[in-house]
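# Examination of the molecular architecture
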Amino acid sequence: MVATSNNVLALGVCDYPEHVPASEWKNHAEQQKTLGLQYVRLAEFSWAKIEPSDGIYDWQWLDDAIATYVAQGLKIVMCTPTATPPAWLIQKYPEILAVDAQGQTMKFGSRRHYDHASDIYRQECKRITTLMAQRYGQHADVIGWQTDNELGHEGTAVSYGGASAERFPKWLETRYETLEALNEAWGCAFWSQDYSQWQQICPPNLTAVRQPNPSQALDYQRFCSDMIEEFQQVQIDVLRALSPNRFLTHNFVIFAQEFDLYKVAKNLDFVAWDSYPIGMLEFFATWESEQTKSEFARTGHPDLVSFNHDLYRGIKGGKDFWIMEQQCGHANWAQYNPLPAKGAVQLWTAQAWAHGASSVTYFRWRASHMAQEIMHSGLLQQDGRADRGYQEVKDFDTSQFVLEKVNARVALLHDYNSLWAYNLQPHNKDLNYWHQFMMFYSALRELGVDVDIIHPEQLADKEYALVVAPALTVVTPEIASYLTQCAKNCPIIFGPRTAFRNDSGRVADKGQFQLIEDLVGIKLANFDSLRPTLSQSVEQTETSTEFSAKLWCESYELTGANATHTYLNGPMAGVAAVTNKGNVSVIGALSGSLIKSILKAALGEVGIETFTLPKGMRLSRRGDITLVLNFNLHDVEWEGTTYPGVSFSTLN
Amino acid sequence: MVATSNNVLALGVCDYPEHVPASEWKNHAEQQKTLGLQYVRLAEFSWAKIEPSDGIYDWQWLDDAIATYVAQGLKIVMCTPTATPPAWLIQKYPEILAVDAQGQTMKFGSRRHYDHASDIYRQECKRITTLMAQRYGQHADVIGWQTDNELGHEGTAVSYGGASAERFPKWLETRYETLEALNEAWGCAFWSQDYSQWQQICPPNLTAVRQPNPSQALDYQRFCSDMIEEFQQVQIDVLRALSPNRFLTHNFVIFAQEFDLYKVAKNLDFVAWDSYPIGMLEFFATWESEQTKSEFARTGHPDLVSFNHDLYRGIKGGKDFWIMEQQCGHANWAQYNPLPAKGAVQLWTAQAWAHGASSVTYFRWRASHMAQEIMHSGLLQQDGRADRGYQEVKDFDTSQFVLEKVNARVALLHDYNSLWAYNLQPHNKDLNYWHQFMMFYSALRELGVDVDIIHPEQLADKEYALVVAPALTVVTPEIASYLTQCAKNCPIIFGPRTAFRNDSGRVADKGQFQLIEDLVGIKLANFDSLRPTLSQSVEQTETSTEFSAKLWCESYELTGANATHTYLNGPMAGVAAVTNKGNVSVIGALSGSLIKSILKAALGEVGIETFTLPKGMRLSRRGDITLVLNFNLHDVEWEGTTYPGVSFSTLN
Amino acid sequence: MVATSNNVLALGVCDYPEHVPASEWKNHAEQQKTLGLQYVRLAEFSWAKIEPSDGIYDWQWLDDAIATYVAQGLKIVMCTPTATPPAWLIQKYPEILAVDAQGQTMKFGSRRHYDHASDIYRQECKRITTLMAQRYGQHADVIGWQTDNELGHEGTAVSYGGASAERFPKWLETRYETLEALNEAWGCAFWSQDYSQWQQICPPNLTAVRQPNPSQALDYQRFCSDMIEEFQQVQIDVLRALSPNRFLTHNFVIFAQEFDLYKVAKNLDFVAWDSYPIGMLEFFATWESEQTKSEFARTGHPDLVSFNHDLYRGIKGGKDFWIMEQQCGHANWAQYNPLPAKGAVQLWTAQAWAHGASSVTYFRWRASHMAQEIMHSGLLQQDGRADRGYQEVKDFDTSQFVLEKVNARVALLHDYNSLWAYNLQPHNKDLNYWHQFMMFYSALRELGVDVDIIHPEQLADKEYALVVAPALTVVTPEIASYLTQCAKNCPIIFGPRTAFRNDSGRVADKGQFQLIEDLVGIKLANFDSLRPTLSQSVEQTETSTEFSAKLWCESYELTGANATHTYLNGPMAGVAAVTNKGNVSVIGALSGSLIKSILKAALGEVGIETFTLPKGMRLSRRGDITLVLNFNLHDVEWEGTTYPGVSFSTLN
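Residues numbered from 1 in each chain as written. Chains lettered and ligands numbered in written order. Predicted model: local features only at pLDDT ≥ 70, side-chain atom pairs only at ≥ 80, totals over all residues.

### With respect to the overall build of chain A
Convention followed: Put simply, DSSP H or I for four residues or longer makes a helix, DSSP E for two residues or longer makes a strand, and each gets a number counted from the N terminus. Residue burial is a threshold on neighbouring C-beta atoms within 10 Å of the residue's own C-beta, all placed from the backbone, with 20 or more meaning buried, 12 or fewer meaning exposed, and counts in between meaning partly exposed. Residues are treated as contacting if the C-beta atoms built from their backbones sit within 7 Å of each other.
The number of helices and strands found in chain A is 19 helices and 25 strands. Across the 652 residues of chain A, 62% fall into the buried class. Put simply, of all contacts in chain A between residues at least 6 apart along the chain, 72% involve residues at least 24 apart.

Next comes the structure, spelled out in C-alpha cells:
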C-alpha cells in the first residue's frame, strides 16, 4: 500500500494548488517529477474551497489539480479537510467551537478550533469525508489518505467546555460505573471532593488555587484522548468503506503528549509524523541548554529528531512510518527560525530512513504568499525560484536507502499514562517526563546503540537484549505482569519514579514499586527534588567512581536487592542510589554520566557493542547499513576518518 | 485551655483518618502515642464525609476515629470543615463560588472556592458548624477547635464578583456615609472617577490600562478582610455557645498579607500558623538571592521562619501561639521541594518554642496516597513505614522546653494598612513591604537580638528599649499619637516611606511625615527608585564610613533634625540620608549594612548586648534559656565552640 | 496660533486645579507666572467635575480657575475631557466599554475605558465637547485645544468586542466591496478561512492556537486606527465651528504604534507628544541592553528621545510640534522610576527645541496627593515646596531658542502599515519594527547628522540629499512610485525586509522587492532569523573589513546590482549581504557598525559632514545653532572641549 514500488525510500511533497493560480499547476507538477518526487499530499485544509457555503460544492478545481499531477506520473495522498471547519459551518453551529482553559470560547480564523467531542461536528466530518471518499476514494492514483491534520497539536487536544464538558460525566460513568468507585479512584476523600451526582463533575480547569485533582486531570486527559480516537474513527470507517486498498495514516507531531498515540493510531495502516528539527530544539526541548541550542541551531539535535523517529516506529510495533512533513528550509513558529545548514535536508532525510521511514514528504512545495505561514519556506521560494532545499532534494540519491528492518536489540518503555501522571505533579518545575526519558535515550544514542521505543505490552511481541524503562511511573497489573515476564530472560533498568502510581494516578497502599516490589527488591527510602543550583554526589561502591546528579534523586531501602551506588552527601548520604537484583536494576539519581555508565556496563554484559562518539555524531543502522551522522557544523575526526560537517556517510 | 499539662512544649500531629482504611486507625494511634504526641488535629476538609449529600449525615466514622485516638490517651483538636464546601453544595448554590481577577467564576475541585461575603455560604457554615459543635463540642477529649483552614491563602481572600461585588458598595456606604466623603477619600477628582451612586462602584479588577485607583483597591482589601472576619465570626459564635471551655484558634499562613490578622484573630484564644521553612524561602521570599536559596535549601532561612513566629506571637500581644502545621519532611508546593537536612525537624521545633510556641503539630501523620498532596510527605511514608521526620520527633526531648515568656526589648511595628498601601504602588518592581521589613528584622537578628513584632497601638501595652518602624507608610492620627507618646521615653527608628499616606491611602496636603513631622524634624526632599543595576553611596558624616544602598533612597530636608548620613553621589549627593532628632531617627536608604550599623549603635545606647554571629547562626531566648541555632549544613566555630551543622544548643 | 509671541520657545505646564483646594489657585498661578510659564493646560479628565451626574453641570469651578490663571497673564490650553467618561455615563451606557483581547469587558475606575467605534459614546463626546466649546471656545485667553488624551495609549486603541466587533464587517465591506476580494486579500485559501457572509468575520483575538490571520489582524489595526480618527473628528468638527482661530492639537505618546498618526493628525493644526525620557528607556525600549539602561537611567537615551521628536516633527511635514507633557522629575509607570539627574530637565527642554518643538509643557504642576499618580512628581512637591525640576525651569533661559527651521538633509522613511505588518510576523522574538528602525536612526545620530522622519509620500514635497528606508516592508504601487521617482536624483538606502509585502500584508507573486525589483536590482536569496547567541560575519568586499550581524540577515541574488558586502560564514557564506545599483543600496544584515559604515560613506558622497561623537553625546541643529548635548552623567572631552555631564551647549 505504500507509495514506493522499488523498496527504497520514497520522496514526496505537500502541495496546496488552491494557494496559487491554476496556471502554475502544470509547471509545478513537472518540476516535482523532475525532482524525483513520487507523490503529492493534497487537500489538507481545503474544506472551504470544496464547500464554499453550506451544501454548495466545487470539486472542479481539485479534479483538475489531481489530473495535472497524475499526468506527470505523480501519486496522490488525499487529506480529509476536517482540521479547518469553514466560517459558514461555525456560523451555523457555533457550539462546535472549543473552550480554552481560561473558559473562553475559541474564535474562527485559525485552525483546529473545534471540540472533538461534538457530535454535530463529527457528523459534519462524516459528511465531508464521505463526499470526498465517494469522489476520490477509488481514483487509481490516490494511494492513501491522511486524516485531519496534527490532531491535538498546539493545545487543541483539550476543550474545557461545550461538548467535552457535557460528555465527560458520561464517559466517567462508563469507566467507573459507580460514584463510589470514582470517588475512591480519585481520592475524593481529600479536600472533600466526593461527588454525589455524575453531573457535578467538571473539566479540571479554573479550580480555586489552580490545583485540580491530578486523578481527575489524568482522567480528563484520557477522556480527551478517547474523544480524539472516536473523532478520527468516524473518518476511518468512512474511508475503509469507500476507499478500499488505500492506506490510512495521520501526521502526528513532535513530542506529542496530549493523547494516547497507541490507541489513536490503532486503526491506521501506519503512522506519519511532521519533522521540524530546528524548532524541535528551539521551541520544544525546553530543558536543553543555551549552548546546545546554539551549537545545533541550524541542524537540530540528532537525538531529539531520532527519538521521534524511534517513538513513531514503535507506535505500530516497528512498522515503517512516514515523514509527512519534513522541514526543508526555515520554519516560522519557533522563537527564532534560522536557516538550516547546507546539507541538513539531506542529513535529515537519510536519518529518517535509517530510523525506519519508508517515505519522506517535504513541507511544503512552494512558500505561501499569504496568511499564517508567510514566513515559512518551501522547496520553491514565493516567486517560484528553487530554494536551498530544492537543490538538496535534487542531489539526493535514494537508491541506497533500501527499506530493510531496523533491528534494535534495546527497548525503551513508554506509556502515556505515565507521561500524563508525571507531568501533572512534576514536583520540580524543571522536570518533565520527556526530559527524564531523553536522558536515558541520549545515553544509549551516545553509545551508538539503536533502540526501539515501545509500550510495555509490546514486550510480549519481541525479545530484546536489554529493556530500559526511564520513567514508567504508572504501573498497572498488566504492565507489572509484562515486566515480570520480561525480567525472566532479559535485564531491565528502571529510572526514578518507577511504579509510583496506579492506573488512577494514586499511590498504592504499598507505596512505590507496589506490584513490582519483589522484582526490584527495594522500597523507596526518599525522593529529593533539587533546585537547579544543587547537585548530589553518587558513588559506585565497587570502583569509587563519582557522579553528579541533578534535579531528582531517589534513595532505596534494600529488600532483596544490592546497592551498586550510594549517595555521598546530602540528606540521603550512605543510602542506595542505584540497586540491582538479578536482572533488574533501578537508577534513582538523574545524572547523564551515571545513566550512561550503567547502560554501558549492561550493554557489555548482553554483548551489544558500544562506541565513544564525538558530540553531535551518531550511528544509526538499518538492514546492513550503518550510517554515521554528523550534526555538527564542523568536520569531526573519529576513528581515523574525517566526517564533514552536516553529513551522513556509510560506516565501513 | 492548651493541650499540655506540664508547662512544656506539646507535640501533636494533623491526621486524616478518612484517608486510610479504618483498620489502620488503631495502629496509627498507638504509634502516635509511642512517639510522645499529645493530640491529633481532625476533620479538616471532612464536610463531604460528614454530609455526603444534602442533609444526609454520616458521623459514625468520625465518632469511631475519635474513640480510637482517645483510647490511646490522645486529645482532639477539631476543625470546622468549611474550607471545602462539597460538590452537592456547589451544585445547589453555585452563587457561593468566588470570582477571580480575570472575571472567571472558580470551579469545584480544589479548596477555598467560596466567596466569604456570601450570606448563603455563611448560613451553610453556621449549619455544619452547629452540627459538629452539638456532637463534639462537649466531648471530654476535644480540647479545642480550628476554624476553617488557612483563610485567604493562595489568592482566595478576594473575590471580584458575586456576593463580594454586591456587598462592597454597602460596606463603603457604612464606612463613608456620603459619596462626597468617598470621592474625597479616594481622590476621585483624579481621572474623573467621582461616583454619583453607590451601586456604580465595582471591585478594582479589569480596569482599562490595568491601573485601579489605589485607594479603592486599599478599601477593597479592607472590605475583603472584614468579610473574612465576619465569615469566621459566625463559626466562633456557634463554637463559643456550644463548646464552652475549649480553645478556638485558626491556622494562619506564611507571610500572610491578604487580611488584617489583628482583627481576624481578635476573638480567637490564640493564633496558630503553618510553618514550612523550605517553601518559605523558595517560594515566598522572592527577594532572596539564588545563593541564599541554595545555601538554605534544606533548612530554610532562620530569619524567615522566626519572623513568622515573632509576627504571630505579636498578633495576640505576646501570647503563646501554636504551630498548627509543621513541615516534617518535603512539602509539595514550591518550585523545587528538596528533602530537609537531617536534624531540621528538631531544629525547627526548638526554634518555634524559643520564639513562643506552646505546641508544634506536625503535618501530616501519613503521606497521602491521593489527590493534590501525593507528593507531600508525612511522619509516615505512604506505605506506613516511618519517614525521616518520625525518627527526629521520636528523639526530641521536650522536657527542657518550658513555656516561659519571650522577653524581647525591641519592637518592630507592623500594620496591614501600610502593607497594602505599600504593595499597591511599590514604584519599583523589586520592592515590597515584607522585603523592606525583613531588612530591618534580619539586621536585628544578625545582631543576636530578640524582637517583638507588634501593631503600633500595642505600644500602649508594653515598654520597649527600642522601637523600629521599618515601613509604616500609612499613619493615622491614632498611630501618630502612639508614636509621639512612645518617643518620649524610647528611641524610635523609622525606615523609608514612613508616614507617606493617610488612612485612605492618599498623601496628606502636608506631604510625607504629615502628622509626625515635628517628631522626625524633617521633610521629604526626594525619593529615588533604583533599578537593580544601580546603587547609591551613603556616608556616615562623623566617621566617613561608606555604605551602599540599593532599590530605594530617600533624602530629607532638615526642619529640626540633624543629618547623620548623607548621599555621596547621584542626584541627591550632599543631602541627608539618615536623620536624628532626639529619640527619633529616620533611615532613608535601603542598605543592609547601613541599617545594621544604626541599629547596633542604638542597641548599644539602650544597653542591649549585640553579637557578631556567623551567617546562618542565630540566638533566640525564652525564659532563661538562650538557644544557639545553626541553620548551616556545616559546622560553625563561634566564640570558641563548634556548633554542628543543622543543630540547636543551649548557650552557656 | 501658537502661544509664544516672540518667536522663541514657550514654556507651560499641565495643571489640575480640581485636584487642590481653590484657595491654592492664586498662589499657584503667581508662581507659574514667576517661573516664566506662558500657559496652562486645563480640564483634562475633568468630565465628572463639569457634569457630576447626567445633565447636571458645574462650570463655576472651571470658570474661576481660568479667571485665576488669566489674571496672572497666563494663557489657557483647554482639553476635551473625553478620555474619562464618568461613572454615571458608564452606568447609563455600559455598552461603550471596551473589550480586551481575552474577551473581558473593561471596568470603570481608570481611564480610556471606551470603545472608539461606539456611536453612543461619540454622541456623548460631541455633547460634552459642544458644551465646553460653547462656554470657552471664544474666550480671549483660550489659545487652543487638546482633544481627549493620549489616544490609544496603554493598549486602549483596540477593542475586541462590542461596537468595534459589530462595525468591523461593515468597514471591511466598504474597503473590499466583495467577499471574493477580501478572501483574496487575506489569503483565505489558507486554512480554509474563506468567508461567505460579512457577519462571519470577527476581531482577530481568541483564535485557536493563538494565531490569527496576519492580514485580518493588519486590517483590524487599520480599522481601529480609522475608528480613532473618526472618534477624534467628531470633536474637531465641533471645535472648528465653535472655537474659531484656536489651535487644535493632540498629545500623542512615545513610540506610538497603534494607529496611523499621519491620518489621525491630518486635521489637527500641529501635533504634540508626551516626553518621558527615563521610562522611554526603561519601559519602552525593550531591545536596549541592561548596560545602556543603567548608564542612561537618569537622563534617558538621547536617540530614543530625539527619535520621537523627529517622528512628530515629520507627522505634519516638518511643522513645529509641542511637547504637551515633559517629564520634570520622576515618573511612576516604569518598572523602576529613578530621579532624573541634575540638569536633565534643561537638557530635555533644549533638545526638544533643537528638534523642532515650539513649546514645552511640563507635567505636572504639583504632584498629586491621590489616586493612580501619587508616586509621580511635579514641579511642586505634594506639600507645595518647589521640587528639583522647578529650579531647573526657573534657571532656563529661553531667549536663545529661536523658532527657526530644522533643516535636515537626510530622510528616514516610515509607514504604519509596514510597522504593523512587521510586528505581526516578526519571525524572531527579539525583533520588531522600531528596534530595526532605531538601528538606522542611531547610526545617523552617532554620525552627528540631523534627520527627518517622513512618510514616503512626503518625498514629493521636499528634496533630500539622502533617503534611508530602514524597514519599509509594505510597498504599495504609490510608495513604489515615490521611491522610483526619488531615486532618480537621490541615493536611497534600504534595510532588510524591504518591499516584502503588499498593501494587504501578502507577499506578491513576484516575491520580495516586487514593484521595486528593477530599482534595487536584486531578488531575495534567503532570510535568516538568528537566535541571540548567534552572529554572522559580513565582509566588505573591497576593503576586507569585517562586521558582525545579529538577529536578522538577508542575502540577495543579483539581477543588476553589485554586491558590496558578502557573508563570510554560515549558510549564506559567499552570498551578497549588501548591494548597490546606481543610487540604490540594500542592507540585508542587522549590524550597527555595518549600517553606520555604509551611511557614513553615503553621507560623504553627498557632501554631508559626519562626526565621531563620544557615546551619549549628540549634535542637533536648528536654524544657525548647533547644540552639543551630553547625556552622560560625567564630563566628556571632545575635540578639545570639555562638556559637563548632563548638559547642552552651543557648538562654536
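### Topic: the UniProt feature "domain: Glycoside hydrolase family 42 N-terminal" (unreviewed entry) in chain A
Just so we agree on the cut-off: UniProt positions are given in the numbering used here, feature names are shortened, and annotations may be inferred rather than shown by experiment.
On the UniProt side, "domain: Glycoside hydrolase family 42 N-terminal" (unreviewed entry) is annotated at positions that read residues 16-396 of chain A here. End C-alpha atoms of residues 16-396 of chain A are separated by 24 Å, and the span's content is 40% helix alongside 10% strand.

### Let's talk about the domain arrangement of chain A
Worth spelling out the cut-off: Residue ranges labeled as domains rest on an automatic or database domain assignment.
Each assigned domain of chain A is listed here: domain 1 (410-605) and domain 2 (617-650). Put simply, the middle of domain 1 of chain A and the middle of domain 2 of chain A, counted by C-alpha atoms, are 31 Å apart.

### Points about the interface of chain C and chain A
Test applied: Throughout, the ten residues Ala, Val, Leu, Ile, Met, Phe, Trp, Tyr, Cys and Pro are labelled nonpolar, Asp, Glu, Lys and Arg are labelled charged, and all others, Gly among them, are labelled polar.
Between chain C and chain A, the contact holds 45 residues from the first and 57 residues from the second. Mapped onto the side of chain C that touches chain A, the elements with two or more residues apiece are α8 (214-242) and β14 (522-529) of chain C. The element that contributes the greatest number of residues to the side of chain C that touches chain A is β14 of chain C, accounting for 4 residues. Taken together, the residues that form the side of chain C that touches chain A break down as 16 nonpolar, 21 polar and 8 charged.

### Section: the relation of the copies chain B and chain C
Note the cut-off: Overlaid copies result from least-squares superposition on C-alpha atoms, with residues included only where pLDDT is at least 70 in both.
Relative to chain C, chain B is turned by 120° and slid 0.0 Å along the rotation axis, the superposed coordinates differing by an RMSD of 0.0 Å. The superposition of one copy onto the other is thereby described by a three-fold rotation axis. Every residue of chain B has its C-alpha some distance from the rotation axis, and the shortest such distance is that of Gln102 of chain B, at 5.1 Å. The residues that chain B uses at the interface reappear at the interface of chain C in only 2% of cases, marking distinct surfaces.

### Let's talk about the interface of chain B and chain C
Contacts between chain B and chain C engage 44 residues on the former and 57 residues on the latter. Elements represented by at least two residues in the side of chain B that touches chain C include exactly α8 (214-242) and β14 (522-529) of chain B. Here the residues of the side of chain B that touches chain C are counted per class, giving 16 nonpolar, 21 polar and 7 charged.

### As for the packing of helix α1 (residues 25-34) of chain A against helix α3 (residues 60-71) of chain A
Residue and element names in this part refer to chain A. Note the threshold: With axes taken as lines fitted to C-alpha atoms, and helix axes fitted only over the stretch in contact, angles between N-to-C directions fall between 0 and 180 degrees. Crossing chirality is assigned from the near helix's rotation relative to the far helix, an anticlockwise turn below a right angle marking it left-handed and a clockwise turn marking it right-handed.
Two elements in contact, α1 and α3, have axes whose closest approach is 8 Å; the angle formed by their N-to-C orientations is 35°. Along this stretch, α1 crosses α3, giving a crossing that reads as right-handed. Touching Trp25, Lys26 and Ala29 of α1 are Ala65, Thr68, Tyr69 and Ala71, all from α3. A breakdown of the residues in the contact of α1 with α3 according to their chemical character gives 5 nonpolar, 1 polar and 1 charged.

### So, the sheet that holds strand β22 (residues 625-630) of chain B
Residues and elements named next belong to chain B. Quick reminder of the rule: At least two bridges found by DSSP between two strands is the condition for calling them paired.
Taken in spatial order, the 3 strands of this open sheet run β21-β22-β25, and their pairing is antiparallel. If you trace the sheet from one side to the other, it starts and ends with β21 (617-622) and β25 (647-650), each paired once. Within this sheet the neighbouring strands show an average axis-to-axis angle of 25°, counted without direction. Relative to β25, β22 is paired through 4 bridges, and the arrangement is antiparallel. Bridged to Val628 within β25 is Ser649. Sitting on the sheet, helix α13 (residues 344-354) touches β21, β22 and β25, and the angle it makes with β21 is about 45°.

### A word on the sheet that holds strand β5 (residues 247-249) of chain C
In space, the 9 strands of this open sheet follow the order β5-β4-β3-β2-β1-β9-β8-β7-β6 (chain C), with parallel pairing throughout. Both edges of this open sheet fall to β5 and β6 (251-252) of chain C, since each of them pairs with a single strand only.

### Describing the pairing of strand β14 (residues 522-529) of chain A
Residue and element names in this part refer to chain A. Within β14, 7 of the 8 residues are buried, which leaves the element mostly enclosed by the surrounding structure. Sheet topology places β14 next to strand β17 (residues 552-558); 7 bridges connect them, and they run antiparallel. Across the sheet, Ile522 pairs through a bridge with Leu558, a residue of β17.

### Some words on unusual backbone geometry
What is expected of a backbone is that most residues other than glycine have negative phi and most peptide bonds are trans. Residue and element names in this part refer to chain B. For the bond from Phe363 to Arg364, the omega torsion is -5°, close enough to zero to count as cis. Here Arg364 lies in the loop between β9 (357-363) and α14 (388-394). In this model, Arg210 sits at a positive phi of 50°, which is unusual for a non-glycine residue. Topologically, Arg210 is positioned in the loop between α7 (179-185) and α8.

### Details of helix α3 (residues 60-71) of chain C
All names here are of chain C. Put simply, the rule is: In a helix, the anticipated span is given by 1.5 Å times the number of residues less one. By arc we mean the arc of the directions from the helix axis to the C-beta atoms, nothing more.
Here α3 contains 12 residues, and its C-alpha end-to-end distance of 16 Å stays within 8% of the 16 Å for a straight helix at 1.5 Å per residue. Buried within α3 are the following residues: Leu62, Ala65, Ile66, Thr68 and Tyr69. Along the long axis of α3, the arc covered by the buried residues comes to 160°, so they all point the same way. Exposed residues pointing more than 90 degrees away from the buried face of α3 are listed as Gln60 and Asp64. Contacts made by the buried residues of α3 are with α1 (25-34), β2 (39-42), α2 (47-50) and β3 (75-79). One or two positions beyond α3, positive phi appears at Gly73, with a value near 85°.

### Looking at helix α16 (residues 433-446) of chain B
Since one α-helical turn is 3.6 residues long, residues separated by three or four positions face the same way. Compared with the 20 Å implied by 1.5 Å per residue over 14 residues, the 20 Å span of α16 of chain B between its first and last C-alpha is a close match. Just downstream of α16 of chain B, Gly448 of chain B is the residue with a positive phi angle, here 80°.

### A short note on the confidence of the model for chain A
Condition: Predictor confidence is given residue by residue as pLDDT, running from a minimum of 0 to a maximum of 100.
Confidence in the prediction for chain A averages 97 pLDDT; 99% of positions are at 70 or higher. In the model output, the complex is listed with pTM 0.97 alongside ipTM 0.97.

### Some words on the pairing of strand β3 (residues 75-79) of chain A
The two faces of the sheet receive side chains in turn, since in a regular strand these alternate between them. Residue and element names in this part refer to chain A. Counting buried residues in β3 gives 5 out of 5 residues, a clear majority hidden from the surface. Neither face of β3 is exposed, since Lys75, Val77 and Cys79 on one face and Ile76 and Met78 on the opposite face are all buried. Inspection of the sheet shows strand β2 (residues 39-42) paired to β3 by 4 bridges, in the parallel sense. Each residue of the ladder has a partner; that of Tyr39, found in β3, is Lys75.

### Brief notes about the packing of helix α5 (residues 119-136) of chain C against α8 of chain C
All names here are of chain C. Rules: For this classification, under 35 degrees means roughly parallel, over 145 means roughly antiparallel, 65 to 115 means roughly perpendicular, and everything else is oblique.
It is the contact of α5 with α8, at a shortest axis distance of 9 Å, that shows an interaxial angle of 25°. Regarding the angle of α5 to α8, the classification is roughly parallel. Like other packed secondary-structure pairs, α5 and α8 cross with a definite hand, here right-handed. Of α8, the residues touching α5 (which contributes Arg122, Cys125, Lys126, Thr129, Thr130, Ala133 and Gln134) are Phe231, Val234, Gln235, Val238, Leu239 and Leu242. Class assignment of the residues belonging to the contact of α5 with α8 gives a composition of 7 nonpolar, 4 polar and 2 charged.

### Section: the environment of Gly505 of chain B
All names here are of chain B. Tracing the chain through its elements places Gly505 in the loop between β13 (492-494) and α18 (517-520). On a C-alpha basis, the gap between Gly505 and Asp430 in space is 21 Å, while along the polypeptide they are 75 residues apart. Setting aside residues up to four positions removed in sequence, Gly505 forms contacts with Pro214, Ser215, Leu218 and Ala421.

### Here's the deal with the environment of Thr610 of chain B
Tracing the backbone shows Thr610 of chain B in the loop between α19 (592-605) and β21. Taking the C-alpha atoms as reference points, Thr610 of chain B and Glu446 of chain B, separated by 164 residues in sequence, lie 8.8 Å from one another.

### Points about the environment of Pro169 of chain C
Residues and elements named next belong to chain C. Considering the arrangement of structural elements, one finds Pro169 in helix α6 (residues 162-176). With 157 residues separating them in the primary sequence, Pro169 and Gln326 have C-alpha atoms 40 Å apart. When residues no more than four places from it in sequence are discounted, the contact partners of Pro169 are Trp198, Gln199 and Ile201.

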